[in-house]
Amino acid sequence: MIAKQLHVKSRQKVNKKFCVRVLYCSRMDGGEGTDNGQGMGPILEGSQLAYIEHGCASIPQELGQWYGSKVTRLDLSFNCIRSLEGLDRFTLLEELVLDNNDIDDSIQFPQMPKLHTLQINKNKISNIDSFTDKLKANCPSLTYLSMLGNQACPNELLSLDKDEEDYQRYRYYVIFKLEKLRFLDSRPVKESERNEAKRVGSYMRVVKADETDMGVPNSSDTSAEKYNPLPEDTKDGGQHQGTFGRCRYVYYGRHSEGNRFIRNSDL
């Protein structure tokens, strides 16, 4: 009996160190009801918090209230997150994992001065320019970034129009924008690559041409005038001038390399 009580007490001490709590919270996308139940709730292990596979569109408020003051690593993978509202409650955050969500170019980051690792693979980010600007302004200590699986990160295996050179240009540009990076995607940043990024990084920005900039009228704009290659001022019928007759000069193409294979029968 005494041995059994000692065993129960030892298990209680272990549970205090690695506490697992189940949170049934309402979804933050405006709908009523509870979580979809696919995950087991927030899992806290030391200063690391995981909230995976719950289908939430934003961060539940309870997570920030309960764990925001002591969590340094937050894993929100495999959800449907589109907004990072409430992330500012995690004041000690150093690592953030946002893989497999619905994050696009409209995402806004709070000030996270201690964040050094960001994994945001397999999302919907397409504008690398604005994304790196947000990271540079709000995550000044960022040294590790992974963006694999986003449109902004070229992948020759997923896109037939991309190759290794496209990916290298992307790396030069991101390293140029985020000077403290030491690891990008699946490869560390070498010193030679950093020096090359300083030299050519500003020229690696990919700019997509806009139809309005190219002078192409918008098809939805009914006020746009229809293009006509003919001059606006034309002569009235009956005033045309011309001549016809027989030309004495016959061109044989003797001095033209392009016409030496053309015979008279072809003319």
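Note that the structure is predicted; figures quoted are calculated from it, not measured.

Undergrad: Residues and numbers for the overall build of the protein, please.
TA: Within the protein, the regular secondary structure consists of 5 helices and 8 strands. When the 267 residues of the protein are sorted by exposure, 33% land in the buried category.

Undergrad: Quick rundown of the packing of aromatic side chains? Include the residues and the values.
TA: Under the counting rule described, the total for this entry stands at 4 aromatic pairs. Summarising the aromatic geometry, the rings of Trp 66 and Tyr 67 are spaced 6.2 Å apart at their centres and angled 80° between planes, so their arrangement reads as edge-to-face. Here Tyr 167 and Tyr 170 contribute two aromatic rings whose centre-to-centre distance is 5.4 Å and whose plane-to-plane angle is 35°, an arrangement assigned as tilted. Note that Tyr 167 and Tyr 170 are positioned in helix H4 (residues 164-177) at a spacing of 3 residues, about one turn of the helix. Accessibility classification places Tyr 167 together with Tyr 170 in one group, the buried group.

Undergrad: Could you give an account of a negative patch on the surface, with specific residues and numbers?
TA: Together, Glu 156, Asp 161, Asp 163 and Glu 165 make up a region of like negative charge exposed at the surface. Along the chain, Asp 163 turns up in the loop between strand E6 (144-146) and H4. You can call Asp 163 partly exposed: its relative accessible area is 35%.

Undergrad: Can you tell me about H4, naming the residues and giving the values?
TA: With 14 residues, H4 should cover 20 Å at 1.5 Å per step; its first-to-last C-alpha distance of 20 Å lies within 8% of that length. Within the span of H4, buried status applies to Asp 166, Tyr 167, Tyr 170, Arg 171, Tyr 172, Tyr 173, Val 174, Ile 175 and Lys 177. Tucked into the core, H4 has its buried residues touching helix H3 (128-138), E6, strand E7 (183-184), strand E8 (187-188) and helix H5 (191-200). Two to three positions downstream of the cap, the backbone nitrogen of Glu 165 sits 3.2 Å from a side-chain oxygen, assigning the N-cap of H4 to Asp 163.

Undergrad: Give me the packing of H4 against H5: which residues, what numbers.
TA: At a closest axis distance of 8 Å, the pairing of H4 and H5 adopts a crossing angle of 85°. Considered as vectors, H4 and H5 are oriented roughly perpendicular to each other. Between H4, through Gln 168, Arg 171, Tyr 172, Ile 175 and Phe 176, and H5, the contact on the second element is made entirely by Glu 193, Arg 194, Glu 196, Ala 197, Lys 198 and Val 200. For the contact of H4 with H5, the residue count by class is 5 nonpolar, 1 polar and 5 charged.

Undergrad: Kindly report on the pattern of salt bridges, identifying the contributing residues and their values.
TA: Note on pairing: side chains with opposite charge can pair once their charged atoms come close. This model, assessed by the stated rule, comprises 9 salt bridges. Across the pair Arg 169 and Asp 166 runs a salt bridge, and its minimum N-O distance is 2.2 Å. You can see Arg 169 and its partner Asp 166 sitting in helix H4, 3 residues apart, about one turn around the helix. Accessibility expressed as a relative area gives 32% for Arg 169, which makes it partly exposed. Here the residues in one salt-bridge network are Asp 129, Asp 133, Lys 177 and Arg 205, joined through shared partners.

Undergrad: Would you mind going over the side chain of Asp 129 in detail, with residue names and values included?
TA: Here Asp 129 shows up in helix H3. There is a polar contact of 3.2 Å between the side chain of Asp 129 and the side chain of Arg 205.

Undergrad: Go over the nonpolar core with me, naming the residues and quoting the values.
TA: Core analysis: the biggest nonpolar cluster contains 47 residues, and Leu 145 and Met 147 have the highest contact counts within it. Those elements that provide at least two residues to this core are helix H2 (61-67), H3, H4 and H5. Ranked by residues supplied to this core, first place goes to H4 with 6 residues. Among residues more than four places away in sequence, those in contact with Met 147 are Ile 120, Asn 121, Ile 125, Ile 128, Phe 131, Ala 152, Cys 153, Tyr 170 and Asp 185.

Undergrad: Tell me about the environment of Leu 92, and please be specific about residues and values.
TA: By the element assignment, Leu 92 lies in the loop between strand E3 (73-75) and strand E4 (95-97). A C-alpha to C-alpha distance of 6.7 Å links Leu 92 and Ser 69, two positions 23 residues apart in sequence. Dropping the residues within four chain positions of it, Leu 92 is found in contact with Gly 68, Ser 69, Lys 70, Val 71, Thr 72 and Lys 114.

Undergrad: Lay out the sheet that holds E4 with the relevant residues and their values.
TA: Taken in spatial order, the 8 strands make up an open sheet running E1-E2-E3-E4-E5-E6-E7-E8, and their pairing is mixed. Single-partner strands in this sheet number two, and they are strand E1 (43-45) and E8. Across 3 bridges, the pairing between E3 and E4 is parallel. Each residue of the ladder has a partner; that of Leu 74, found in E4, is Leu 96.

Cut-offs applied
Residues numbered from 1 in each chain as written. Predicted model: local features only at pLDDT ≥ 70, side-chain atom pairs only at ≥ 80, totals over all residues. Heavy atoms only, no water. Helix = DSSP H or I, 4+ residues; strand = E, 2+ residues; numbered from the N terminus. Buried < 20%, exposed > 50% of the residue type's maximum accessible area, 1.4 Å probe, protein only. Phe/Tyr/Trp six-rings, centres within 6.5 Å; stacked < 30°, edge-to-face > 60°. Patch = residues over 30% accessible without salt bridge, like charges linked within 9 Å, V, L, I, M, F, W, Y side chains within 5 Å. Areas by Shrake-Rupley, 256 points an atom, 1.4 Å probe, with all protein chains shown as cover. Salt bridge = Lys/Arg side-chain N within 4 Å of Asp/Glu carboxyl O. Lys, Arg positive; Asp, Glu negative; His and termini not counted. Charge placed at Lys NZ, Arg CZ, Asp CG, Glu CD. Expected span 1.5 Å × (residues − 1). Contact = heavy atoms within 4.5 Å. Polar contact = N/O pair within 3.5 Å; in protein donor to acceptor, adjacent residues only side chain to side chain. Axes fitted to C-alpha atoms, helices over the stretch in contact; angles between N-to-C directions. Parallel < 35°, antiparallel > 145°, perpendicular 65-115°, else oblique. Nonpolar A, V, L, I, M, F, W, Y, C, P; charged D, E, K, R; others polar. Core = buried A, V, L, I, M, F, W, Y, C linked by side-chain atoms within 4.5 Å. Pairing = 2+ DSSP bridges.

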